[in-house]
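The primary structure of each chain is shown beneath.
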Amino acid sequence: MAPESILHYTLVTAETDAEDGVESAEAPAAQTGVLLVKSGPAMGKSFKVGQGDMTIGRQAGYGGVNIDDPAISALHAMLRQMPRGARLYDLGSVNGTSVDDVPISGVELKHGDVLKFGDAEVQFVKGDSA
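We now turn to the structure provided with this report. Along each chain, residue indices are assigned from 1 in the same order as the chain's sequence is written. Side-chain atom pairs in this predicted model are given and counted only at pLDDT of 80 or more, local residue features only at pLDDT of at least 70, and totals for whole chains, interfaces and linings cover all residues. In computing side-chain values, all of the structure's heavy atoms are included and hydrogens and water are not.

Quick notes on the overall build of the chain
Where we set the bar: Under the DSSP-based scheme used, a helix requires at least four consecutive residues in state H or I and a strand at least two consecutive residues in state E, with every element numbered from the N terminus. Methods summary: accessible areas were calculated by the Shrake-Rupley approach with a probe of 1.4 Å, and residue burial reflects only the protein chains presented.
When helices and strands are tallied, the chain shows zero helices and 12 strands. Accessible area of the chain: about 7300 Å², with a carbon and sulfur share of 52%.

Pasting the structure below:
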């Protein structure tokens, strides 16, 4: 049995202004996150998630989440981080992508969702429920 990779997604919001402790009212706080690999070949690695798109796979490239796991496609999935949340898309992977055991092509992520890339399970942990 191949080692299992588990990623945890943690949402981190923009910092408040140091002088008055208030975020700017001009634009909503940008949300970013961190993917933490909890087990499997990439255990101990973490990946910062900024605004925009991030690929997940064995050959995700620079700025992507590279997981050396034979059950994960070279370009398996994409995480799109937007100002108010995140969406996960399957990129036509061989073993598929699912959220809470439901195969997906694209879905908005919620706190506690369990994501699966091939045999690798990933928990989506949202750091701020705003």
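A few points about the pairing of strand β6 (residues 77-82)
Which entries qualify depends on this criterion: For two strands to count as paired, DSSP must find a minimum of two bridges between them.
The sheet contact formed by strand β4 (residues 52-57) and β6 spans five bridges and is antiparallel. The residue bridging T55 from the neighbouring strand is M78, located in β6. Where β6 lies against strand β7 (residues 85-90), six bridges are found, and the strand directions are antiparallel. Bridge pairing in β7 places L79 opposite L88. If you look at the hairpin formed by β6 and β7, you'll find two residues sitting between the two strands.

What to know about the nonpolar core
This is how the line gets drawn: Buried Ala, Val, Leu, Ile, Met, Phe, Trp, Tyr and Cys residues that are joined via side-chain atoms within 4.5 Å together make up what is termed a nonpolar core. Burial status follows relative accessibility: with a 1.4 Å probe on protein chains alone, a residue under 20% of its type maximum counts as buried, one over 50% as exposed, and anything between as partly exposed.
I56, V65, L88, L109, L115 and F117 are the most contacted members of the largest nonpolar core, which totals 20 residues. At the level of secondary structure, the elements contributing two or more residues to this core comprise β3 (46-49), β4, β6, β7, β11 (114-117) and β12 (120-124). Here this core takes three residues from β12, the largest share from any one element.

Focus: unusual backbone geometry
The phi torsion of most residues other than glycine is negative, and most of the peptide bonds are trans. Its identity as a non-glycine residue notwithstanding, D100 has a phi of 50°, on the positive side. The topology assignment puts D100 in the loop between β8 (97-99) and β9 (102-103). Classification of D100 by relative accessible area gives partly exposed; the value is 40%. Positive phi outside glycine occurs at D101, with the angle close to 65°. With respect to the helices, strands and loops of the structure, D101 is situated in the loop between β8 and β9.

Side note on the side chain of S73
To be explicit about the condition: Throughout, a contact is declared for two residues whenever any of their heavy atoms are within 4.5 Å.
Along the chain, the position of S73 falls in the loop between β5 (65-66) and β6. Overall, the relative accessible area of 11% leaves S73 in the buried class. Not counting residues within four places of it along the chain, the set of residues in contact with S73 comprises G57, R58, S93 and V94.

Things to note about the environment of D101
Residue class for D101 comes out exposed when judged on its relative accessible area of 69%. C-alpha separation for the pair D101 and D113, spaced 12 residues apart in sequence, amounts to 9.7 Å.

Quick notes on the sheet that holds β7
Read from one edge of the open sheet, five strands run β5-β4-β6-β7-β10, paired in mixed fashion. Strand pairing shows two members of the sheet lacking a second neighbour, β5 and β10 (106-108), which therefore form its edges.

A few points about the environment of Y89
Test applied: Within 3.5 Å is the distance limit for a polar contact, defined as a pair of N or O atoms, with the added protein rule that one can donate a hydrogen and the other accept it, and that residues adjacent in sequence qualify only through two side-chain atoms.
Within the element layout of this structure, Y89 appears in strand β7. Considered as a pair, Y89 and I56 are 33 residues apart in the sequence and their alpha carbons are 9.9 Å apart. Among residues more than four places away in sequence, those in contact with Y89 are A77, M78, R80, I104, S105 and G106. Here R87 takes part through its side chain, which lies 2.9 Å from a polar atom of the side chain of Y89.

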